[in-house]
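One-letter residues, chain by chain:
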Amino acid sequence: MGPESFPLSSYYQAAEVRFASEGGEAWLDTFIKGALSGKAVSDARARVAAVQVGVQDVIPATLVLVLVETSVVTPCSELDDDDDLFKGDGASMYTGPGGGGGGGGDDGSDDGKRRRSLLECPTAAQSTLLSKIWDEAAFVYSGGGWQGHHQIVPGYDFTPYARTEEYGRLFGTMEGPASKANAFIMDAFRARTSADNTATIRKHILVTYAQMTIERAHRLDSKLAVAEPDEEVWALTKAEGWTAWRVLEPLVAQSNAAAADEVAAMLQPSARAPASNASPPASLAPSRYCYLKAQLPGMLGISTADIGELRSASCLCGGGPAVGECAPAPAPAAAAAAAAAAAAA
């Protein structure tokens, strides 16, 4: 991923600035190589976790963000008829529920005409290119396995789509059997390229990685609330949280560089866990989890309702304890049944 690939993406530009010390446009390479070599993450299990989350989340989430932004802001005048980033038999097109991936669509077929009609460049080739960029983003996000809000084809479990489902369940942000975020994102992909649809996709990708960062902060608090933290678990949890945070860090740094520095330092993998119960820095009090739960939505311009509530920590913060585990809240149906039974009695 070089700077010439996505010069018009605001997210890409923000990441170049934030990670300038890591080579600017080469920040993703630097990050993955650092995890693989042990330079960034020394613990063996934590290195595996950082690489796995990096490949499943950081790289594809970054690519989706820069592709949708590129598709919506690239002027037609900057496109040559043969300037096809995804040409060849390997190019895949997102076709919506029930549709398969695959190259093509540019040969005068009905599908090719439909794609070109959704854009307004002077030539069919220019329009098709912008549409392909949008299709590629959808393919990367779902792994090509999405078949509707409530079904994901087996074998596509390691994608941002799958991660969004996982955290929708943990934070109670589901719509029936599927996450609200995925419903919004996949509807936006189906509705095709536009500024509004790009904003929707960006917002809900940020929601997922905010949830993941907050949940890992809660784990860190719990692991440190003992006299002798388990160093392997500590290193693993920090590596996972740090990797998820990398998706958000460039945007947080734009509005609050000091806060971005503190969160990055909190999650940066370290060789050893503190020897005893360790409180967070005063600026992150009363706990890492409570701080991020309260502050991260505003840093990203998203609402607390979008993020939801981590169910295993629903009793924390807000004047209550800042660290610990909470009894799971009853499912809505069970709560309603219990209330009806109490009323009948």
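Scroll up to find the structure.
Described below are features of the structure shown in this document. Here the structure is a predicted model, which means the values were calculated and not measured.

In this section: the overall build of the protein chain. A count of helices and strands for the protein chain gives 13 helices and two strands. Buried residues in the protein chain amount to 47% of all 345 residues. The long-range share in the protein chain, meaning contacts at least 24 apart out of those at least 6 apart in sequence, stands at 66%.

Most often, soluble globular proteins have nonpolar side chains that are buried together. By size, the foremost hydrophobic cluster in this structure holds 82 residues, and its most contacted members are Phe189, Ile201, Ile205, Trp245 and Leu296. What Leu296 contacts, discounting residues up to four positions off in sequence, is Ala210, Thr213, Ile214, Trp245, Leu248, Val252 and Tyr291.

Right, let's get into the packing of aromatic side chains. Overall, the coordinates contain eight aromatic pairs when judged by the stated rule. Considering the side-chain rings of Tyr167 and Phe171, the 6.4 Å spacing of their centres and the 40 degrees angle between planes classify their relative orientation as tilted. Pair noted here: Tyr167 and Phe171 are both in helix H6 (residues 160–171), with a separation of four residues, about one helical turn. The exposure class assigned to Phe171 is buried, which follows from its relative accessible area of 3%. Aromatic ring contacts, followed pair by pair, group Phe6, Tyr12, Phe19 and Trp27 into a single cluster. One residue, Arg246, lies across the ring of Phe19, its end atom 4.0 Å from the ring centre.

Another aspect to go through is the side chain of Glu215. Residue placement: Glu215 occurs in helix H8 (residues 195–224). Polar side-chain contacts of Glu215 include one of 3.2 Å to the side chain of Tyr167. Not counting residues up to four positions away in its chain, the partners in contact with Glu215 are Tyr167, Leu170, Phe171 and Leu310.

Take the state of the cysteines next. Going through the model one piece at a time under the given rule, you end up with two disulfides. A sulfur-sulfur separation of 2.0 Å characterises the disulfide bridge that pairs Cys290 with Cys317. On the sign convention where negative is left-handed, the bridge of Cys290 and Cys317, at about -95 degrees about the S-S bond, is left-handed. Remark: Cys317 occurs in the loop between helix H12 (304–307) and helix H13 (332–344) and Cys290 occurs in helix H11 (residues 288–300); sequence separation between them is 27 residues. Considered together, Cys290 and Cys317 belong to a single accessibility category, that of buried residues. Sulfur-sulfur distance for the disulfide between Cys315 and Cys326 comes to 2.0 Å. Torsion about the S-S bond of the Cys315 and Cys326 cystine: about -85 degrees, corresponding to left-handed handedness. Separated by eleven residues along the polypeptide, Cys315 in the loop between H12 and H13 and Cys326 in the loop between H12 and H13 bring together distant segments of the chain. For Cys315, a relative accessible area of 39% translates into the label partly exposed.

Attention now goes to the packing of helix H1 (residues 10–18) against helix H3 (residues 44–73). Each pair of packed helices can be summarised by the angle the axes make with each other and by the distance between the axes. At a closest axis distance of 7 Å, the pairing of H1 and H3 adopts a crossing angle of 130 degrees. With respect to each other, H1 and H3 are oriented oblique. On the side of H1, the interface is formed by Ser10, Tyr11 and Tyr12, while H3 contributes Thr62, Leu65, Val66 and Glu69.

Considered for burial, the residues of helix H7 (residues 180–190) that qualify are Ala181, Asn182, Ala183, Ile185, Met186, Ala188 and Phe189. Of the residues trailing H7, Arg192 is marked for its positive phi of about 80 degrees.

Relative to the elements of secondary structure, Val247 occurs in helix H9 (residues 231–255). Sequence-wise, Val247 and Leu206 are 41 residues apart; in three dimensions their C-alpha atoms are separated by 7.7 Å. If we ignore the near neighbours within four places in the chain, the residues touching Val247 are Tyr11, Val58, Ala61 and Tyr209.

Tracing the backbone through its elements, the reader meets Ala61 in helix H3. A C-alpha to C-alpha distance of 7.3 Å links Ala61 and Val247, two positions 186 residues apart in sequence. Once residues lying within four places of it in the same chain are set aside, the contact partners of Ala61 are Pro160, Ile205, Tyr209 and Val247.

Right, let's talk about the packing of helix H10 (residues 257–267) against H11 for a bit. Their axes nearest at 12 Å, the elements H10 and H11 cross at an angle of 140 degrees. Overall, the two elements H10 and H11 adopt an arrangement that is oblique. Crossing angle aside, the handedness with which H10 passes H11 is left-handed. Between H10 and H11, the contacting residues are Ala259, Val263 and Met266 on the first element and Arg288, Tyr291, Leu292 and Met299 on the second. Along the lines of polarity and charge, the residues of the contact of H10 with H11 split into six nonpolar, no polar and one charged.

Each α-helix turn comprises 3.6 residues. Residues three or four places apart therefore point the same way. Between its first and last C-alpha atoms H11 spans 17 Å; for 13 residues at 1.5 Å apiece the expected length is 18 Å, and the two agree. A bend of about 30 degrees at Ala294 is the largest found in H11, and the proline Pro297 appears one to four places after it. Among all positions in H11, only Arg288, Tyr289, Cys290, Tyr291, Leu292, Leu296, Pro297, Met299 and Leu300 are buried. Packing partners of the buried residues in H11 comprise H8, H9, H10 and H12. Gly301, located one to two residues past H11, shows a positive phi value of around 70 degrees.

Rules used throughout
- Residues numbered from 1 in each chain as written.
- Predicted model: local features only at pLDDT ≥ 70, side-chain atom pairs only at ≥ 80, totals over all residues.
- Heavy atoms only, no water.
- Helix = DSSP H or I, 4+ residues; strand = E, 2+ residues; numbered from the N terminus.
- Buried < 20%, exposed > 50% of the residue type's maximum accessible area, 1.4 Å probe, protein only.
- Contact = heavy atoms within 4.5 Å.
- Core = buried A, V, L, I, M, F, W, Y, C linked by side-chain atoms within 4.5 Å.
- Phe/Tyr/Trp six-rings, centres within 6.5 Å; stacked < 30°, edge-to-face > 60°.
- Lys NZ or Arg CZ within 6 Å of the ring centre and 35° of its normal.
- Polar contact = N/O pair within 3.5 Å; in protein donor to acceptor, adjacent residues only side chain to side chain.
- Disulfide = S-S within 2.5 Å.
- Axes fitted to C-alpha atoms, helices over the stretch in contact; angles between N-to-C directions.
- Parallel < 35°, antiparallel > 145°, perpendicular 65-115°, else oblique.
- Left-handed = near helix turned anticlockwise from the far one by under 90°.
- Nonpolar A, V, L, I, M, F, W, Y, C, P; charged D, E, K, R; others polar.
- Expected span 1.5 Å × (residues − 1).
- Bend = angle between axes of the 7 residues up to and from the residue.

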